Amino acid sequence: MLPVHFYGRVDHTPNGVKWVDTQVILAMPYDTPVPGYKNNTVNTMRLWSAKAPNDFNLEEFNVGDYIQAVLDRNLAENISRVLYPNDNFFEGKELRLKQEYFVVAATLQDIIRRFKSSKFGCRDPVRTCFETFPDKVAIQLNDTHPALSIPELMRIFVDVEQMEWDKAWEITKRTCAYTNHTVLPEALERWPVSMFEKLLPRHLEIIYIINQKHLDYVASLFPGDVDRLRRMSVVEEGDCKRINMAHLCVIGSHAVNGVAQIHSEIVKNSVFKDFYDIEPEKFQNKTNGITPRRWLLLCNPGLSEVIVERIGEDFLTDLSQLKKLLDFVNDEAFIRDVAKVKQENKLKFSAYLEEQYKVKINASSMFDVHVKRIHEYKRQLLNCLHIITLYNRIRKDPKKSYVPRTVMIGGKAAPGYHMAKKIIRLITAIGEIINNDPYIGDRLKVIFLENYRVSLAEKVIPASDLSEQISTAGTEASGTGNMKFMLNGALTIGTMDGANVEMAEEAGDDNLFIFGMRVDDVEAMDKKGYNAKEYYDRIPELKQAIDQINNGFFSPNDPSCFHDVVNMLMYHDRFKVFADYEAYIKSQGQVDQLYMNPREWTKKVIKNIACSGKFSSDRTITEYAREIWGVEPSAVKIPPPNIPRE
């Protein structure tokens, strides 16, 4: 077990800086094996559990002391007992900062121990030589949650290893790289200085030094530009002085990347523009990827089999080989096989839905699926407006022919995210009305997929016909669900956002249903001002849907239930749902038209599958290795353990 320190004070002595009088928590490692795919390699993922440092003997305590001792132990072990579930929203709780430092401190101790015990430590009798450290160690800061790696590594190098500051900083920067995962300002971590001062006093001192040296450098490049210094500072002044962890990550890393091409451009041109202006060579793109072993072979064996029959199984380790399927786009037998697999997956999932939700599902209906975290920017509310519009059209003209749909929306809301919870309640309320309306029958069903998770994703994604990727342009960093649907033969309806842009580039715009504003349109609307009421007044079907939500049509027992949802959409909607409503409805009409032609639909499905090779995690990790970590994947094949190595 490794000690992790909190609180205490800092002593500046003639022999160096000492962090003293700390509270110690022990970190216990737990290793999970991660086997590779048919390559005789097993890595380990090391996780940490917090343990109180002192065991106590019951006989040595009276009853009161014993109870306090148990309470203290629980407080210590709470650090790893539960993880904050908020996503894309920063909550500045002390326990969360403790969790972040706990994992960082334990991991860095482990890394340095391994380095020192290796041949690369080039040790002399007194101290370790760390010159080769960045060549053997790569620390990828996956968003800002592990950002404390930067001041912690500096603390170890300067305070413990007695390294000169500039040398320590050079090694730290060469070791660390930062991946940004969101452009939403409310998601970026900004910790109060007062919390840092109490919990991690030495780290706060180190961050102040890092920031001062950084600002001195910026001032030398832009003399007198005080506003630039303010924008680029790690320390944000104000009523509550805060530490901007994203700025710390950019300053303390040798590489910064976004996770889709459009996202990386936004990072350079907007989120970190001032930093890009100074160090453009630092910024890169690494488009996300998914593993084809889980997201095709494991979850969709039927589709895997028909692909293997045509092109062999090498695509499972080189997904780009799916391009060979383009030769079979007009192959009638392959078209039938792909359509058959999809129908079998839909029948299987229909049975699951009927068992779980007691709703009779039309397995021949279009499976229209929108599964992801519940968040305003992902615009589940836009989907709701389309559902209500469809419902109203069927009610208005029930004799007309409609493409039957089963709309499934799934995802989790962060516990403190009121609007996300209201969105879930609205989806379920719409479903309760529509699913029980005899005029509708099986032409439209609405299911909220509860407890959406990987095991449920493995069932629903192979059964999906239509994938909803409808975030406001410029808000989704990448997405990976969009890739999973594409690989499993669902067509995408989406905005030009995140990895959707590259999916359209790979498969061709005409093989996706692209609609709505682009990033430039959104920026222009921000400058001009977005007025939701203009759309409400102008578009009768939109007005009808909003009025129904507002007047309690979908919540007859609580007519005011969704007033705050409507109020947000009408007056406080940062994500401009109404602005894309018409384009979305029109695009959904095009979806219906194509779905009525199963052969043409399946041909587009095949083109999407064939063009999904770029979105393999194998490609992503190879790019990280070569372009950020400076590592070439080994060409040496490791033999099975029963065969001696040469």
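Along each chain, the written sequence defines residue order, and numbers are assigned to residues from 1. Only residues with pLDDT of at least 70 are given local features in this predicted model, and only at 80 or more are side-chain atom pairs given and counted; all residues enter the totals for whole chains, interfaces and linings. Each side-chain value is worked out from all heavy atoms of the structure, with water and hydrogens disregarded.

### Section: the packing of helix H15 (residues 380-396) against helix H24 (residues 581-595)
At step 1: For every element, the axis is a line fit to its C-alpha atoms; helices are fit only across the contacting stretch, and the angle between N-to-C directions ranges from 0 to 180 degrees. For helices the rule is a DSSP run of H or I covering at least 4 residues; for strands it is a run of E covering at least 2, with both sets numbered from the N terminus onward. In the contact formed by H15 and H24, the axes pass within 10 Å of each other and the chain directions differ by 60°. The orientation of H15 with respect to H24, classified from their angle, is oblique. Crossing of H15 over H24 shows right-handed handedness. Of the residues in H24, those touching H15 at Leu382, Asn383, Leu385, His386, Thr389 and Arg393 are Tyr581, Tyr584, Ile585 and Gln588.
At step 2: Residues that form the contact of H15 with H24 fall into these classes: five nonpolar, four polar and one charged. Convention used here: angles under 35 degrees read as roughly parallel, angles over 145 as roughly antiparallel, angles from 65 to 115 as roughly perpendicular, and any remaining angle as oblique. Note on convention: near helix rotated counterclockwise from far helix by under a right angle means a left-handed crossing. Clockwise means right-handed. The contact rule is simple, with two residues in contact once any of their heavy atoms fall within 4.5 Å. Only Asp, Glu, Lys and Arg are considered charged in this grouping, and only Ala, Val, Leu, Ile, Met, Phe, Trp, Tyr, Cys and Pro are considered nonpolar; every other residue, Gly among them, is considered polar.

### Some points on the sheet that holds strand E7 (residues 176-179)
At step 1: Strands sit in the order E6-E7-E11-E12 across an open sheet of four strands; the sheet is parallel. Pairing within the sheet leaves two strands with one partner each, and these edge strands are strand E6 (139-142) and strand E12 (283-285). Pairwise comparison of adjacent strand axes, ignoring direction, gives a mean angle of 25° for this sheet.
At step 2: With two bridges connecting them, E7 and strand E11 (residues 256-258) associate as parallel partners. Note on E11: the bridge partner recorded for Tyr178 is Val256.
At step 3: Its contacts with the sheet put helix H5 (residues 165-175) on E6 and E7, and the angle it makes with E7 is roughly 45°.
At step 4: This element, helix H10 (residues 261-271), spans E11 and E12 of the sheet and lies at about 165° to E12. Two strands make a pair as long as DSSP finds a minimum of two bridges between them.

### Thoughts on the UniProt feature "modified residue: N6-(pyridoxal phosphate)lysine" (unreviewed entry) in the protein
At step 1: UniProt positions are given in the numbering used here, feature names are shortened, and annotations may be inferred rather than shown by experiment. In this structure's numbering, the residues bearing the UniProt feature "modified residue: N6-(pyridoxal phosphate)lysine" (unreviewed entry) are Lys484.
At step 2: By the secondary structure assignment, Lys484 is in helix H18 (residues 481-487).
At step 3: Using a relative accessible area of 15% as the deciding quantity, one classes Lys484 as buried.
At step 4: Setting aside anything within four residues of it in sequence, one finds Lys484 in contact with Ile290, Trp295 and Ile461. Burial here depends on accessible area, computed with a 1.4 Å probe over protein chains only, as a share of the maximum for the residue type. Under 20% is buried, over 50% is exposed, and the range in between is partly exposed.

### Remarks on the packing of aromatic side chains
At step 1: A pair of Phe, Tyr and Trp rings is counted when the ring centres sit within 6.5 Å of each other, with Trp represented by its six-membered ring. The angle between the planes then sorts it: under 30 degrees is stacked, over 60 is edge-to-face, the rest tilted. Evaluated as defined, the whole model comprises 21 aromatic pairs.
At step 2: The interplanar angle of 70° and the centroid separation of 5.8 Å between the aromatic rings of Phe130 and Phe133 together place this pair among those described as edge-to-face. With respect to class, Phe130 is no different from Phe133; both count as buried.
At step 3: Each ring, one from Tyr178 and one from Phe272, has its centre 6.1 Å from the other, and the planes form 65°; the classification is edge-to-face. A residue pair is termed long-range when its members are at least 10 positions apart, and Tyr178 in strand E7 and Phe272 in the loop between H10 and helix H11 (273-278) qualify at 94 residues.
At step 4: A relative accessible area of 0% places Tyr178 in the buried class.
At step 5: Note that Lys98 overlies the ring of Phe6, its terminal NZ or CZ placed 5.9 Å from the centroid.
At step 6: One cation-aromatic arrangement involves Lys346 over Phe367; the distance from NZ or CZ to the ring centre is 4.8 Å. Consider the ring centre and the ring normal. A charge sits over the ring if Lys NZ or Arg CZ is within 6 Å of that centre and within 35 degrees of that normal.

### Things to note about the environment of Lys342
At step 1: With respect to the helices, strands and loops of the structure, Lys342 is situated in helix H14 (residues 332-357).
At step 2: On the basis of relative accessibility, which here comes to 12%, the residue Lys342 falls in the buried class.
At step 3: Residues within four places of Lys342 in sequence aside, it is in contact with Ile461, Pro462, Ala463, Ser464, Asp465, Asn488, Gly489 and Ala490.

### Topic: the layout of surface pockets
At step 1: Of the pockets and cavities examined, the second largest pocket occupies roughly 810 Å³.
At step 2: Cavities and pockets are defined on a 1 Å grid built over the protein atoms alone: a cavity is a set of grid points where a 1.4 Å probe fits but cannot escape, while a pocket is an open set with protein on both sides within 12 Å along at least five of seven lines, and lining residues are those with an atom within 4 Å of any such point. Considering the residues around the second largest pocket, the lining is formed by 35 residues, among which Val183, Pro185, Leu188, Ser270 and Val271 are closest to the centre.
At step 3: Counting only elements with at least two residues in the lining of the second largest pocket, the list comes to helix H7 (201-221), helix H8 (226-232), strand E9 (235-236), H10 and helix H20 (519-528).
At step 4: Residue contributions to the lining of the second largest pocket peak at five residues, all from H10.
At step 5: For the lining of the second largest pocket, the class distribution of residues is 15 nonpolar, 10 polar and 10 charged.
At step 6: Segment limits for the domains were obtained from an automatic or database-derived domain assignment. Looking at which domains feed residues into the lining of the second largest pocket, each of domain 1 (2-285) and domain 2 (301-627) supplies at least three. Grid points are joined across faces, edges and corners, and a volume is the space filled by probe spheres set on the points.

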